[in-house]
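Single-letter residue listing:
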There are 4 protein chains.
Amino acid sequence: MTQVNVGIVGATGYGGVELIRLLDGHPHFNIHSVYSSSQNDLPISEVYPHLSHFAYKLKGINPKEMAKEVELVFTATPSGVSSKLVPTLINEGLKVVDLSGDFRLKDEELYEQWYKKPSASLEDLEKAIYGLSEWFADEVSSADFISNPGCYPTATLLGLAPLAQEKIVVSNSIIIDAKSGISGAGRGLSQLAHYAEINENMKIYKVNKHQHIPEIESILSRWDSEIGNVMFNTHLIPMTRGIMTTMYAQLKEEKSIEELHALYVQAYEAKPFVRVRKLGEFPSTKEVSGSNYCDIGLDYDERTKRVTIVSVIDNLMKGAAGQAVHNANIMLGFEENLGINGLPVYP
Amino acid sequence: MTQVNVGIVGATGYGGVELIRLLDGHPHFNIHSVYSSSQNDLPISEVYPHLSHFAYKLKGINPKEMAKEVELVFTATPSGVSSKLVPTLINEGLKVVDLSGDFRLKDEELYEQWYKKPSASLEDLEKAIYGLSEWFADEVSSADFISNPGCYPTATLLGLAPLAQEKIVVSNSIIIDAKSGISGAGRGLSQLAHYAEINENMKIYKVNKHQHIPEIESILSRWDSEIGNVMFNTHLIPMTRGIMTTMYAQLKEEKSIEELHALYVQAYEAKPFVRVRKLGEFPSTKEVSGSNYCDIGLDYDERTKRVTIVSVIDNLMKGAAGQAVHNANIMLGFEENLGINGLPVYP
Amino acid sequence: MTQVNVGIVGATGYGGVELIRLLDGHPHFNIHSVYSSSQNDLPISEVYPHLSHFAYKLKGINPKEMAKEVELVFTATPSGVSSKLVPTLINEGLKVVDLSGDFRLKDEELYEQWYKKPSASLEDLEKAIYGLSEWFADEVSSADFISNPGCYPTATLLGLAPLAQEKIVVSNSIIIDAKSGISGAGRGLSQLAHYAEINENMKIYKVNKHQHIPEIESILSRWDSEIGNVMFNTHLIPMTRGIMTTMYAQLKEEKSIEELHALYVQAYEAKPFVRVRKLGEFPSTKEVSGSNYCDIGLDYDERTKRVTIVSVIDNLMKGAAGQAVHNANIMLGFEENLGINGLPVYP
Amino acid sequence: MTQVNVGIVGATGYGGVELIRLLDGHPHFNIHSVYSSSQNDLPISEVYPHLSHFAYKLKGINPKEMAKEVELVFTATPSGVSSKLVPTLINEGLKVVDLSGDFRLKDEELYEQWYKKPSASLEDLEKAIYGLSEWFADEVSSADFISNPGCYPTATLLGLAPLAQEKIVVSNSIIIDAKSGISGAGRGLSQLAHYAEINENMKIYKVNKHQHIPEIESILSRWDSEIGNVMFNTHLIPMTRGIMTTMYAQLKEEKSIEELHALYVQAYEAKPFVRVRKLGEFPSTKEVSGSNYCDIGLDYDERTKRVTIVSVIDNLMKGAAGQAVHNANIMLGFEENLGINGLPVYP
């Protein structure tokens, strides 16, 4: 069976360790090496005892050496790190799926405004294909460098795509109320993620300032250039995994809920990882947990003439590692669902 | 010290047992009896072992007998039960604070449309004073019968009152995204509230159909008759206590965030249980847990010209038992904060 | 590739739905049918929306029809149901892996004393092979009917086997303090499993009366006939999945912790699903969650001359569905780790 | 009403903030100042937004100044800090209730062996009265300096006192399996307390090495000099508050469970904060949460001739701040339950 050697940079973060889980079970990808800038030679099992039977040791990052070992690298590195690292990997001829936010915007100023960090160069930004697998598979299939979408944008864009593509949303009318489990905040220590502080608690954060806003807007406007700005807010919820986006929008013309539902069903009928739930049924986050599914439910409220769309994903799967493997499958010409077709872990 | 004998009907529900906790520590109210329609003579400690040192036994409901024992009754009974029970208590001259939804709307048809149950009579509906303590204290102080607001309406209305009272909100522009802990669903068994189903999960429910919608709209329209309909959705969050409402609205005229904040600070400066957080700070639910506080934060988003308001309460306290005691204090002429001035239990 | 048609009885419980997840990803087993005594024709996706893309409908239980469709049946039925159902399946020539407690004890009286239900006949009890895969693989490989071990006994017995097999434990000295997530209590509704009651709570139950006690003792005594009785207590912990057993025992002779550790390493070096953690390291339940691993750590306390052994499993995997598939693999001659070699889902 | 000015050192930890909650509602204690070594002048509301209406600012630690302001100081400081700070407060004539572990052992070597830190001087150790309120109230009432018991020792010692005082336990036979919520690990950041790591997880820690072992043994041996060593292990449970100790012991002579239960009922009948649950009933941690109760249940297992005792407390209340206030009440001659007689917060 075809075996492609791959490497993971940033394996000690939650996105990285989820990549290990998926790639370990993948029929064509072979984890050859896991890299880390800071913890050279440390066995990965010291960082993650749940991998105690794993022999891998973390290796230092040396693009030339990496190019000898592997064909494809997943970079699960923080924003601000990928912008510097990834171009050096590309230069060595490595294929890259980057999970950071550094190559998602195609505008240096916009990046610096929202991320408060120096941007990658416009030249490098333009090399990266935005890998929202369901809608940009063609571009992904001929790419060597994928910028993997953010967790919130994935849930949001999959939920809004059918409306945006139909150009039926009133400009500036979209409001996105997003909720995420704590793993979205990463493995780094912070008061915010201290168990006793966030258990039995719910917290809004980055009010109207989240760096995923321009990412969402830029993709929506590819589909509907007049869709305008979105209002987007994010909440931390006391659970480990899962994102729910509850979205509200006004439509240019009245639609029956049946028409809207049919629009969604049609949009996603050939997309194996998006499940439009039947009319009147709404997904909960646990119903996709541990899997690569995005489930969507919708309603039209006659009283307020607005549509409600609910979209759920596992932030570490469809919102990170799952979608990264999905993109890698498409990029390398494998069946798109290999290694990521596990059912949700329920309960 | 003045001692007023009180009774609790529905003490075996979560609202009821929280009333027991508060009234047990109240300097003027004395829990004389706890009543239940179904479990006559059962010691309350059999239902709630955390009250194992309590001697109270549940008594049957007999309004005439009750009128001999107590002056004031808290009815923490389900919708559909209070509508029948409370008028019989009023008839016996008892003062009543009703925690159900049965007397909050002043329109029989509206009630039946949203609650899917027979309404109390219009005559009885009109007797009940809507006890949103901060804004209707005058009416409460001269009343004998209080309809205690719903949990979601309390958080919502306290969050929107300053805007509505100023009449600066664009009609039909309000969107309320509400999140609640599971205790809001009551103590009754359901698949929804099964630990393994809702732990590590988040669920939207009653999409655009929640019975608190007309309650919210009717009070908002008292303040601003042209405020129109609200869009309101509710989510279950994996925690026991707490409600957060994240609210979005368009304003008729642009306001700086400083002006808006000043408006809120002024509106609540004399209200001891509402804490408007300082500019840039937003409350989390744990910061009011176990207490009668409602904390509010707000932002104005220049990009979308909308205001974001965040309001948090403990659903069993400010959203139920705490506000009921607050109303009882006002009704009987006691200091308003007696028995409910405990600090939040943190962490 | 070899395809074996299998059926699942009791697919609507947590053990059953975990079997669906595992068998759906298994290279040789094909889920032909899911059966239920009560919900004929109901799509499984109505019960479990996380399977919303699944076409399976529940079928009634008819052993003759089942024998035409499938070769092997997993019975994830409650105690008291399996005892009647399984013999009828065996009679039709079906291979069976039974996940209930009905065939684990080989003594009718003992069963009735602890389970408070009528026992299966001794003849049927004796047909069932106790499928603790690590230690009874030989018997399993030639069997047609497996009684799958209980969740607590699996964690306990794997943790104690090396000591018991060496016959070095002082008789009657074993104390097992077991803790389980709530999914172990099943999907049925109960006050015990109501979210608001068990969240932020910890509860001991069936004090010294758990029906897994005789199962543990009967297997231990196969290894060491003089090992005597065990003290065994069980606690519910506010999490969905996971069992930890903390075990204490006196040894007949002093052993260094190094000797003990070497004994464990050797006992399990050829068993792919048991990971003896390195000296000084102890497993946590999340480190095996979603996987078929049992992780073990141990210590010797010089002060009290007792050994401490900690053993963790995912109760729905190694403690139920995972071990059932493991047994099925062995029984049908497949590689033992097929379909159950996924890494733990972390975090 | 008598008003005693008190100060809190270490108010930014969880023990300190719980002291604020209790003392704020206490009829006789007035929180005059909150002190911190490191965050001079910082409003406490910046650290704890749930106290956003509080005006207190943290003050630097200056024993001479403190002695002018307050009569009594609660030191909720870490081990290793109290040993140096408290003697300077005593020297200034301040009354002290110290919540650290620094003065609980009366043996410098033992302290240094278990705490791995320099001990306070023997002279200072001997000044401190061990404040297990139920059993040492007489000494407390005439003391000026209380060493408040540890959380685990409180639950353990209250659970074992009646047996130890009767001298009926077989020497070296006690095994204590303790479980704690995460707040017990304090507010400091650590991987252990990161939400995504400990949610849906259970972890054993400090196996046979917990520094509370000598504290437990030294008090038990005051009651029964031949009781010997205890085996004691501790587990982190995914919840914020609560400790359960499950304890196992052999008795020198057989006792019926009725006799044992009577012994416990009698031992605690005059102690308002210990509730011996009725025969056959066992407490859960939520049943004491937010309160100063310690609830105890017990069983005698005929099969293994051992007693099982279960004891639960809220680690921040009875296990820290609640007991500290209890001791302060006794020390200053107030009614013992003032300020700490709130009912458990349930659910």
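Reading guide: rules and limits
- Residues numbered from 1 in each chain as written.
- Chains lettered and ligands numbered in written order.
- Predicted model: local features only at pLDDT ≥ 70, side-chain atom pairs only at ≥ 80, totals over all residues.
- Heavy atoms only, no water.
- Axes fitted to C-alpha atoms, helices over the stretch in contact; angles between N-to-C directions.
- Helix = DSSP H or I, 4+ residues; strand = E, 2+ residues; numbered from the N terminus.
- Parallel < 35°, antiparallel > 145°, perpendicular 65-115°, else oblique.
- Contact = heavy atoms within 4.5 Å.
- Nonpolar A, V, L, I, M, F, W, Y, C, P; charged D, E, K, R; others polar.
- Least-squares fit on C-alpha atoms with pLDDT ≥ 70 in both.
- Salt bridge = Lys/Arg side-chain N within 4 Å of Asp/Glu carboxyl O.
- Polar contact = N/O pair within 3.5 Å; in protein donor to acceptor, adjacent residues only side chain to side chain.
- Pairing = 2+ DSSP bridges.
- Domains from an automatic or database assignment.
- Buried area = accessible area lost by both parts, 1.4 Å probe.
- Buried < 20%, exposed > 50% of the residue type's maximum accessible area, 1.4 Å probe, protein only.
- UniProt positions renumbered as here; feature names shortened; annotations may be inferred.

Visitor: Would you mind showing me how to read the packing of helix H7 (residues 133–141) of chain D against helix H10 (residues 212–223) of chain D here?
Guide: To characterise two packed helices, one gives the angle between the axes of the helices and the distance between these axes. Residue and element names in this part refer to chain D. Close contact between H7 and H10 brings their axes to 13 Å; oriented N to C, the two are set at 80°. Relative to H10, the element H7 lies roughly perpendicular. Where H7 abuts H10, its residues Trp135, Phe136 and Glu139 lie against Ile219, Arg222 and Trp223. Looking at side-chain class alone, the contact of H7 with H10 contains four nonpolar, no polar and two charged residues.

Visitor: Can you walk me through the relation of the copies chain A and chain B in this structure?
Guide: Between the two copies of this chain, the relationship is a rotation about some axis together with a displacement along it. With an axial shift of 0.0 Å and an RMSD of 0.0 Å, the rotation relating chain A to chain B amounts to 180°. Look at the turn and shift together and you get a two-fold axis relating the two. Across chain A, the smallest distance between a C-alpha and the rotation axis is recorded for Pro238 of chain A, namely 3.2 Å. Of the residues that chain A buries at the interface, 100% are likewise interface residues in chain B, meaning the two copies contact each other through the same surface.

Visitor: So what exactly am I meant to see when it comes to the interface of chain A and chain D here?
Guide: Frequently, the measure chosen for interface size is the accessible area that the parts lose on association. The partner chain D presents 19 residues to the 19 residues of chain A that form the contact. Taken together, chain A and chain D are joined by two salt bridges. A salt bridge links Glu197 of chain A to Arg187 of chain D; the shortest N-O distance between them is 2.8 Å. The interface formed by chain A and chain D holds 18 residue pairs in polar contact (both at pLDDT 80 or more) in total. For the side of chain A that touches chain D, a count of residues per class yields nine nonpolar, eight polar and two charged.

Visitor: Just to check I follow, could you spell out the sheet that holds strand E13 (residues 294–301) of chain A for this structure?
Guide: All names here are of chain A. Spatially, E9-E10-E8-E11-E14-E13-E12 is the arrangement adopted by the seven strands of the open sheet, whose pairing is mixed. At either end of the open sheet lies a strand with only one pairing partner, and these are strand E9 (203–205) and strand E12 (274–276). Each adjacent strand pair in this sheet contributes to an overall mean axis angle of 20°, direction not counted. As paired strands, E12 and E13 are joined by three bridges and run parallel to one another. By the bridge assignment for E13, Val274 is matched with Cys294. Across the sheet, helix H11 (residues 257–268) touches E12, E13 and strand E14 (306–313), and the angle it forms with E13 is around 160°.

Visitor: When you look at the domain arrangement of chain A in this model, what are you seeing that I'm missing?
Guide: Residues and elements named next belong to chain A. Taken domain by domain, chain A consists of domain 1 (4–127) and domain 2 (152–315). Each of domain 1 and domain 2 has a C-alpha centre, and these two points are 27 Å apart. Each partner contributes residues to the interface: domain 1 has eleven residues there, and domain 2 has 14 residues. Here domain 1 meets domain 2 over a buried area of about 1,100 Å², counting both sides, of which 58% is carbon and sulfur. Broken down residue by residue, the surface that domain 1 buries against domain 2 is led by Tyr14, Arg104 and Trp114, which jointly contribute 54%. Inspection of the domain 1/domain 2 interface yields two salt bridges. Here Glu18 makes a salt bridge to Arg241, at a shortest N to O gap of 2.9 Å.

Visitor: How do you make sense of the interface of chain A and chain B when you look at a structure like this?
Guide: Listed as interface residues are 49 residues of chain A and, on the opposing side, 49 residues of chain B. Summing the contributions of chain A and of chain B, the shared interface buries around 4,200 Å²; its carbon and sulfur component is 54%. Summed over the shared surface of chain A and chain B, the result is four salt bridges. Salt-bridge contacts for Glu217 of chain A lead to Arg303 of chain B; the nearest nitrogen and oxygen are separated by 2.3 Å. The tally of links between chain A and chain B comes to 38 residue pairs in polar contact (both at pLDDT 80 or more). Residues belonging to the side of chain A that touches chain B are distributed by class as follows: 21 nonpolar, 14 polar and 14 charged.

Visitor: Honestly, the relation of the copies chain A and chain D in this entry has me stumped. Any pointers?
Guide: Laying chain A over chain D is done by rotating through 180° and shifting 0.0 Å along the axis; what remains is an RMSD of 0.0 Å. Comparing contact sets, 100% of the residues at the interface of chain A also lie at the interface in chain D, consistent with an isologous, same-surface contact.

Visitor: For this particular structure, what's the right way to read the pattern of salt bridges?
Guide: Two side chains that carry opposite charge are able to pair once their charged atoms sit near each other. Enumeration according to the criterion identifies 88 salt bridges over all chains in this entry. In this structure, Arg241 of chain A engages Asp314 of chain A in a salt bridge whose closest nitrogen and oxygen atoms are separated by 3.0 Å. Note that Arg241 of chain A is positioned in the loop between strand E10 (231–236) and strand E11 (243–250) and Asp314 of chain A in the loop between E14 and helix H12 (317–332), a separation of 73 residues in sequence. Of the two residues, Arg241 of chain A and Asp314 of chain A, both sit in the buried class. Several salt bridges converge on common partners, so that one network encompasses Glu46 of chain A together with Arg275, Arg277, Lys278, Glu281, Glu287 and Asp295 of chain C.

Visitor: It is not clear to me how unusual backbone geometry should be interpreted in this structure. Could you clarify?
Guide: Leave glycine aside and you will find that most residues have negative phi; peptide bonds, for their part, are mostly trans. The step from Tyr346 of chain A to Pro347 of chain A runs through a cis peptide bond, and the omega angle for that step is 0°. Along the chain, Pro347 of chain A falls in the segment after H12. At Asn172 of chain A, a residue that is not glycine, the phi angle is positive and equals roughly 65°. With respect to the helices and strands, Asn172 of chain A occurs in the loop between helix H8 (151–166) and strand E8 (175–180). For Asp41 of chain C, which is not a glycine, the phi torsion comes out positive at approximately 80°. Mapped onto the elements of the fold, Asp41 of chain C is located in the loop between strand E2 (29–35) and helix H2 (44–47).

Visitor: Even after reading the chapter, I still don't get the pairing of strand E13 (residues 294–301) of chain D, so can you show me in this structure?
Guide: In regular strands, side chains alternate between the two faces of the sheet. All names here are of chain D. Most of E13 sits out of view: eight of its eight residues are buried. Judged by which residues are buried, E13 turns out to be covered on both faces: Cys294, Ile296, Leu298 and Tyr300 on one side and Asp295, Gly297, Asp299 and Asp301 on the other are all buried. As paired elements, E13 and strand E14 (residues 306–313) share eight bridges and run antiparallel to each other. Looking at the pairing, Cys294 lines up with Ile313 of E14. Counting the residues that bridge the hairpin from E13 to E14 gives four residues, and of these Lys305 lies at a positive phi of roughly 55°.

Visitor: How should I be thinking about the environment of Phe103 of chain A in this particular structure?
Guide: Positionally, Phe103 of chain A belongs in the loop between strand E5 (95–98) and helix H5 (108–115). Taking the C-alpha atoms as reference, Phe103 of chain A lies 23 Å from Ser38 of chain A; in sequence the two are 65 residues apart.

Visitor: Teacher, can you tell me more about the UniProt feature "domain: Semialdehyde dehydrogenase NAD-binding" (unreviewed entry) in chain A here?
Guide: If you check UniProt for "domain: Semialdehyde dehydrogenase NAD-binding" (unreviewed entry), the listed places come out as residues 5–143 of chain A in our numbering. Here residues 5–143 of chain A runs as 40% helix and 17% strand, with 18 Å between its end C-alpha atoms.

Visitor: Can you help me understand the sheet that holds strand E8 (residues 175–180) of chain B in this one?
Guide: Sheets are built from strands that pair by backbone hydrogen bonding, the pairs being arranged parallel or antiparallel. All names here are of chain B. Here seven strands make up an open sheet; going across it, the order is E9-E10-E8-E11-E14-E13-E12 and the pairing mixed. The open sheet has two edge strands, strand E9 (203–205) and strand E12 (274–276), and neither has a second partner. Strand after strand, the sheet turns through a mean of 20° between neighbouring axes, direction not considered. Strand direction decides the pairing type here: strand E11 (residues 243–250) and strand E14 (residues 306–313), joined by eight bridges, are antiparallel. Each residue of the ladder has a partner; that of Met244, found in E14, is Val312.

Visitor: Is there a simple way to think about the UniProt feature "active site" (unreviewed entry) in chain A in this case?
Guide: When the UniProt feature table is mapped to this numbering, "active site" (unreviewed entry) covers Cys151 of chain A. Take Cys151 of chain A: it is sitting in helix H8.

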